[in-house]
Amino acid sequence: MRRPLRRRPTAAGSATAAARASLLALALAGCGGPSFDGTIYRGPDVAFRVPPAPASWRQISVSDASVAYRDDANGATVALNGRCKSEEDVPLISLTNHLFLHFTEREVLKQEVVPFDGREAMHTVLSAKLDGVPKVFDVWVLKKNGCVYDMLLIADPARYAASEPAFTRMVRGFSTLPANGD
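Residues numbered from 1 in each chain as written. Predicted model: local features only at pLDDT ≥ 70, side-chain atom pairs only at ≥ 80, totals over all residues. Heavy atoms only, no water.

### Remarks on the confidence of the model for the protein
Point 1. Averaged over the protein, the pLDDT score is 83; the fraction of residues at 70 or greater is 80%.
Point 2. Contacts from residues 6–31, a stretch scored under 50 in pLDDT, to residues over four places away or in other chains number 15 contacts. (pLDDT = per-residue confidence, 0-100. Contact = heavy atoms within 4.5 Å.)

Pasting the structure below:
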């Protein structure tokens, strides 16, 4: 079950936590853990390519996302995620709706099935409240080769229009890659 995005706790101020984090990073590097070079993400069973993020976006770490950015100027968060062999037979509409189980006052503003990376994707824009705070969500869900990819823009309603063009450019530049690096 996927959960709403939440910031991961940081290890700031704790030498022991920092040492553990360094050891974990070294261990993951040795085991072929996830990597992201700014355009290509490679995880144990999933890989994808995105265009470089705008200079105003900073990469952040959030739970349940392979890659995430914060657009501070527009009060928005962008999250890209991929997972394989988990929900292959689930319809796109169900995968999309599952992302919003914990949200209230949901209103679909736009929903369409569009061609995307050689398949179909569900593109949904909706307004909803998360913990009582209104947000606009621009969501793309793609199923391809036994994998599911979610691309989300989470924005303050008043600034969604300013965030959307850069997010759409990133989504339109997204493509899946073979996980084994071929």
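Now that the structure has been shown, the text picks up again.
### A look at the state of the cysteines
Point 1. For the structure on display, the rule yields one disulfide.
Point 2. Between the sulfur of Cys84 and that of Cys147 lies a disulfide, 1.9 Å long from S to S. Across the S-S bond linking Cys84 and Cys147, the dihedral sits near 95°, which makes this disulfide right-handed. Residue Cys84 is located in strand 6 (residues 76–84), and its partner Cys147 is located in strand 10 (residues 147–155); the two are separated by 63 residues in the primary sequence. By the burial criterion, Cys84 is buried, and Cys147 matches it. (Disulfide = S-S within 2.5 Å. Helix = DSSP H or I, 4+ residues; strand = E, 2+ residues; numbered from the N terminus. Buried < 20%, exposed > 50% of the residue type's maximum accessible area, 1.4 Å probe, protein only.)

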